[in-house]
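# Coordinate inspection notes
Residues per chain are reported as follows:
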Amino acid sequence: MQRHLRKTILAAAVLALAASIVVAAGSASGSKTTTAKAGGTYRVGWEGSFGFTDAFDPTGEYLGNAWALYSNLLLRTLVGYNHVAGAAGNVVVPDLAASVPKPTGGGLVYTFHLKSGIKFGPPVSREITSKDVLFAMERLANAKDGGQYPFYYTVIKGWDAYAAGKAKSISGISTPSATTIVFRLTQPTGDFIYRMAMPATAPIPAEVAKCFTGGKANQYGRDVVSSGPYMIQGMDSVDMSSCASIKPASGFNPLSSLTLVRNPDYNAATDSKAARQNLPDEFDFTIDSNADDIYNKVAAGQLDDEVSSPSPKVLRKYLTTPSLKNLLKQNVGDRTWYLTLNLTQAPFDDIHVRKALNLIIDKTGLRKAWGGATAGPIATHIVPNPMLHNLLSNYDPYKTPGSAGSVTLAKAAMKGSKYSNGDGMCDAAACKNVLMIADTRAVDKGMVPIIVADAAKIGITLKVRSVTGAYGVINTPKNNIPISERPGWGKDYADASTFFDELFASSTILATGNTNYSLVGLTPAIAKKVSASGTVTGIPSVDPQINHCNKLTGNTRVSCWAALDKTIMTTVVPWVPYLSAQNLNVISTNVTKWNYDQFSDQTAYAHVAVK
Amino acid sequence: MTNPPDFEISAGGAVALPAIAIAQKSPSRLFWERFRQDKAALAGGVVVIVLILIAIGGGPLAERLTGHPQNTTYTDTMTDSFGIPKGPNSTFWFGADAEGRDLFVRTMYGARTSLIVGLLASGIALLIGLVVGLVAGFYGGWIDTALSRSADVILALPQVLIAVGIVAACSISINGCVGGLIQPGMTVVIAVIAFFSWSYIARIVRGYTLSLREKEFVESARALGASNLRIITREILPNLVGPLIVYTTLLIPTNILFEAALSYLGLGVPVTQSSWGSILTDASQLYDVAWWLMVFPGGFLILTTLAFNLLGDGLRDAFDVRSDR
């Protein structure tokens, strides 16, 4: 009896253990793997418009939502990602290439060997060679073809000469065989391998893309030739016998919908199941101008996923209804939202004022405008923590109780300011009627009153101008905008250089389309070039530190970026960071498997399944 | 049986009329006697007066009563953990708005915005319309043709679309429009509304002026050698006062709604300034979880437009502007 009881207990314990392992495995992947099966259509509601930056032409497309479609479904690059959540999703893995190469020649040479048996989809349907990768790189270098991030590749020898039309080929790229491509760089570049995982480097067949150059380059977006598991519906009917005969594929209407179906030339044996499972037969992306309608349809099972932002009331519904909780997916967005302070404009040309503002802003209040804690953790520095391997998780140089701002601490910081008469308030005339550019989204409307009220507590009165499309105003230095609440910045790939290079390097200060809104590193000469005025002397620069970190690799590189983050937060103070955004997705009950793609910060379409 | 006559014929055949006190009534007295019989108009007038008082002192008074400054956000206490506002309670009588501000205080301040926009825009429209209408109607000829067709063009324009365009364009620039003359915010909203409203007044004034300039008293003045300016200002203008008051009163609620519409579209007053239209914009996103955002400012908006309309109707009747009298 006792023995029997022991057996029963043991069996029950084993069963319980097995069950807990199954449950844990299921929850770790964030999905219900038990019922995932192939087939069906994955239907996605897309709010407003596709918003593509170059009409879905991979050479010029710089939109994360598009990258998710390319990387998961349509295009394969030499190296890529496994399209999963968290740190594992930022690890570069082989895709077209058989392995991820280690640099040779003192960190200057990268040699990729392509797998065999990988074909373009219809209508090309032939094996992909190294020349197709070269063609994509040349297309990216040619400014007329609309490339939007060629700056990542100027480290390749001969790139600039080719881009300027002074050379017929890029001398630093060679294709010794159909399956080998070699890149020679001008300087060691620690994150080069990430750059070769970006969608613009995916092979492009010259026989089709040659028809789309110059002014009509981005029309290739209507006929993107697949190298991945899915293709645009109707591509198999596109007649590529001549340029004139190539018509847009039937499955893509830029104003309303995009339908992707299985690519008959895709060979799953050349791919990794860890990277792409390709379960649904079809993906439908449909534009809907009404976000409420999208969420209603997801709730009703008429859509399965969304490319939108759940409003606070949608979040509340999903988080407070036990049966719905699992349908709201929260993932690290690798994006920081911040107030930008212009270092040339009074009173923010004084570091004491910038520090005081960091200490007075109620970051918790600002986060409520985004929907509360679900929107993400409070940002206390520049780069999202996961990208710095959590080295700065506990770093908060402007800590206040509850992250709600502190008048005492802010006044103490303000006391040293030339704009204060020692009472901790910004007293000078320069502190009054300071122009703040805001946008007109719901979150902006929610944040502006808080910022205005908080700034007033230390004597800064803000004159707010709400502008639809505020980026267009603040990215022009000659407008001399002192402060804006609009900016947010997300990674291009999982290296902090994609924050520092673009946001704080003096070389990125441009007359238009500037992203270094604070003008860190501005000199009188640059100020003249971009027509910026105000205090243009004595602006701190972090160019040497950025250059130093860029040459490093591995953990040393990450530590270098973390140290630079601290330096900027304490000695430059160009921002008031307030939110490390989470990406929120609401899915329907039809979805039986779901994951998050950390690379694109979107749904991992490569790993979803529906009933 | 018929009623007996209320006068008697004396034996001598002379008719003895009853003693009737004949009192001369001034036009203003006639107006008041007619107006006070119109209870709806009186009620409208009382409401308008109350609204004007609210516009003048309601906001600060509400701040004092509640202790909640209009732009202070109470996100800790008056929004839930998701940032959704909480409803009315003993200290926040109308609940909170989407940013956690006191909706009662914001609604009171909203009255000021609505009335300032309504009154100023209508006042500017009145001035422009009056001048254009008087000049066109009095001088006639090519001046009339030019001015009247201009007014027709304004009337033919798709107002909301163009207003949205103008306000959006002036709000995008840091310095406003027309070299900084039109600043983003309330100024541009007032300018836009006035631009689209003057033509109504101009047409009405022109019509009256065309009729008045042929009247005998104008002929007399002209015969006495009065100048055109004097005839316009001393003979015609006083006769336009009644109709102008009536039509302006009716124009004010239209313009208040116009401002609400612009604010609803996100093109109205700045976000730090309260306006019923902008509160209703917030409400459109949250009405199913925060009814108070729709009910209170919406109620005031309805009450205001109704009161002005009733008052305008009453004034029209009392001033004898209607053609069927």
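Residues numbered from 1 in each chain as written. Chains lettered and ligands numbered in written order. Predicted model: local features only at pLDDT ≥ 70, side-chain atom pairs only at ≥ 80, totals over all residues.

## Looking at the overall build of chain A
The helix and strand tally for chain A stands at 17 helices and 21 strands. Radius of gyration (C-alpha) of chain A: 26 Å, near the 25 Å computed for a compact globule of 611 residues. Its C-alpha atoms give chain A principal-axis dimensions of about 85 × 75 × 50 Å. Going through the 611 residues of chain A one by one, you find that 54% of them count as buried. (Helix = DSSP H or I, 4+ residues; strand = E, 2+ residues; numbered from the N terminus. Rg over C-alpha atoms; globule rule 2.2 N^0.38 Å. Buried ≥ 20, exposed ≤ 12 C-beta atoms within 10 Å, placed from the backbone.)

## Describing the overall build of chain B
Secondary structure summary: chain B contains 11 helices and 2 strands in total. For chain B, with 325 residues in total, the buried portion stands at 43%. Restricting to contacts in chain B with at least 6 residues of sequence separation, those with at least 24 account for 68%. (Contact = placed C-beta atoms within 7 Å.)

## Structural notes on the pairing of strand 5 (residues 173-177) of chain A
All names here are of chain A. Note: strand 5 against strand 6 (residues 180-184), 3 bridges, orientation antiparallel. Bridging across to strand 6, Ser177 finds its partner in Thr180. In this antiparallel pair of consecutive strands, strand 5 and strand 6, the connection spans 2 residues. (Pairing = 2+ DSSP bridges.)

## What to know about the pairing of strand 13 (residues 434-438) of chain A
Side chains on a regular strand alternate between the two faces of the sheet. Of all 5 residues that make up strand 13 of chain A, 4 are buried, and the element is covered over most of its length. Note that the unit made of strand 13 of chain A, helix 12 (residues 442-457) of chain A and strand 14 (residues 462-466) of chain A has a crossover that is right-handed. (Right-handed = clockwise from strand over helix to strand, strands pointing away.)

## Brief notes about helix 3 (residues 130-141) of chain A
Residue and element names in this part refer to chain A. The terminal C-alpha atoms of helix 3 lie 17 Å apart, and with 12 residues this matches the ideal 16 Å at 1.5 Å per residue to within 8%. Where burial is concerned, most of helix 3 is hidden: 9 out of the 12 residues are buried. Turning to helix 3, its buried residues are Ser130, Asp132, Val133, Ala136, Met137, Glu138, Arg139, Leu140 and Ala141. (Expected span 1.5 Å × (residues − 1).)

## Structural notes on the environment of Ala68 of chain A
All names here are of chain A. As for its position among the elements, Ala68 is in helix 2 (residues 64-74). Residue Ala68 is classed as buried on the basis of its C-beta count, with 22 C-beta atoms lying within 10 Å. Considered as a pair, Ala68 and Gln598 are 530 residues apart in the sequence and their alpha carbons are 9.6 Å apart. In contact with Ala68, other than residues within four places in its own chain, are Asp597, Ser600, Gln602, Thr603 and Tyr605.

## Overview of unusual backbone geometry
Residues and elements named next belong to chain A. In this chain, Pro122 is followed by Pro123 through a cis amide linkage whose omega measures 0°. Residue Ala346 is joined to Pro347 through a cis peptide bond whose omega torsion reads 0°. Among the secondary structure elements, Pro347 is positioned in the loop between strand 12 (328-341) and helix 9 (351-360). In the Ramachandran plot, His389 falls in the positive-phi region, its phi being about 50° despite a non-glycine side chain. Note that His389 resides in the loop between helix 10 (363-369) and helix 11 (407-414). Within the chain, Asp601 stands out as a residue other than glycine whose phi angle is a positive 55°. Tracing the sequence through the fold places Asp601 in the loop between strand 19 (596-597) and strand 20 (602-603). With 23 C-beta atoms packed within 10 Å, Asp601 lands in the buried category.

## Here we look at the interface of chain A and chain B
The partner chain B presents 24 residues to the 27 residues of chain A that form the contact. Among the secondary structure elements, those contributing two or more residues to the side of chain A that touches chain B are helix 8 (312-320), helix 10, helix 12 and strand 14 of chain A. Each residue belonging to the side of chain A that touches chain B can be placed in one class, and the counts come to 13 nonpolar, 9 polar and 5 charged. (Nonpolar A, V, L, I, M, F, W, Y, C, P; charged D, E, K, R; others polar.)

## What about the confidence of the model for chain A?
On average, residues of chain A carry a pLDDT of 91, and 94% of them reach 70 or more. With pLDDT under 50 throughout, residues 1-34 of chain A is counted as low confidence; its partners more than four residues away or in other chains account for 16 contacts. (pLDDT = per-residue confidence, 0-100.)

## A short note on the nonpolar core
Grouped together as the largest cluster of nonpolar side chains are 263 residues, with contacts concentrated most on Trp561 of chain A together with Ile201 of chain B. Take this core: its biggest share by element is 17 residues, from helix 4 (residues 103-139) of chain B. Contact partners of Trp561 of chain A, with chain neighbours within four places excluded, come to Val383, Leu388, Ala496, Phe500 and Cys549 of chain A. (Core = buried A, V, L, I, M, F, W, Y, C linked by C-beta atoms within 7 Å.)

## Digging into the sheet that holds strand 6 of chain A
Residue and element names in this part refer to chain A. Within the open sheet, the 3 strands sit side by side as 4-6-5. Their pairing is antiparallel. Strands with a single pairing partner mark the edges of an open sheet, and in this sheet they are strand 4 (109-113) and strand 5. Within this sheet the neighbouring strands show an average axis-to-axis angle of 20°, counted without direction. Helix 3 contacts strand 5 and strand 6 of the sheet and is inclined by roughly 170° relative to strand 5. (Axes fitted to C-alpha atoms, helices over the stretch in contact; angles between N-to-C directions.)

## A word on the packing of helix 9 (residues 228-264) of chain B against helix 11 (residues 292-318) of chain B
All names here are of chain B. Two elements in contact, helix 9 and helix 11, have axes whose closest approach is 7 Å; the angle formed by their N-to-C orientations is 165°. For the element pair helix 9 / helix 11, the angle class is roughly antiparallel. Here helix 9 runs over helix 11; the crossing is left-handed. Along its contact with helix 9, which presents Ile245, Val246, Thr249, Leu250, Ile252, Pro253, Ile256, Leu257 and Ala260, the element helix 11 presents Leu301, Thr304, Thr305, Phe308, Asn309, Leu311, Gly312, Leu315 and Arg316. Per-class residue counts for the contact of helix 9 with helix 11 are 12 nonpolar, 5 polar and 1 charged. (Parallel < 35°, antiparallel > 145°, perpendicular 65-115°, else oblique. Left-handed = near helix turned anticlockwise from the far one by under 90°.)

## A short note on helix 8 of chain A
Since the α-helix advances by 3.6 residues per turn, residues separated by three or four positions end up pointing in the same direction. Among all positions in helix 8 of chain A, only Pro312, Val314, Leu315, Arg316 and Tyr318 of chain A are buried. Those residues of helix 8 of chain A that are buried lie in contact with helix 7 (291-299), strand 12 and strand 17 (575-586) of chain A.

## As for the environment of Tyr162 of chain A
Residues and elements named next belong to chain A. Inspection of the secondary structure assignment puts Tyr162 in helix 4 (residues 159-163). Taking the C-beta count within 10 Å as the criterion, Tyr162 has 20 such neighbours and is therefore assigned buried. Expressed as a C-alpha distance, the spacing of Tyr162 and Ala141, which sit 21 residues apart in the sequence, is 7.1 Å. Beyond its immediate sequence surroundings of up to four residues, Tyr162 is in contact with Glu138, Ala141, Ala167, Ser169 and Ile170.

## What to know about the confidence of the model for chain B
Residues and elements named next belong to chain B. Across chain B, the average pLDDT comes to 84, with 89% of residues at or above 70. Low pLDDT (under 50) marks residues 1-5, which in the prediction has 0 contacts with non-local residues, meaning those over four places away or in another chain. Our summary of model confidence lists the complex with pTM equal to 0.78 and ipTM equal to 0.71.

## Re the packing of helix 1 (residues 27-37) of chain B against helix 11 of chain B
All names here are of chain B. One way to put it is that helix 1 packs onto helix 11 with a least axis distance of 8 Å and a crossing angle of 135°. As far as their axial angle goes, helix 11 and helix 1 are oblique. In this structure, the crossing between helix 1 and helix 11 has a hand that is right-handed. In this structure, helix 1 uses Phe31, Arg34 and Phe35 to contact helix 11, whose residues at the interface are Gly314, Asp317 and Ala318. Split by residue class, the contact of helix 1 with helix 11 holds 3 nonpolar, 1 polar and 2 charged.

## A closer look at the environment of Val241 of chain B
Residues and elements named next belong to chain B. In this fold, Val241 is placed in helix 9. Val241 gets classed as exposed once you count the C-beta atoms within 10 Å, which come to 11. For the pair Val241 and Phe319, spaced 78 residues apart in sequence, the C-alpha separation works out to 9.5 Å.

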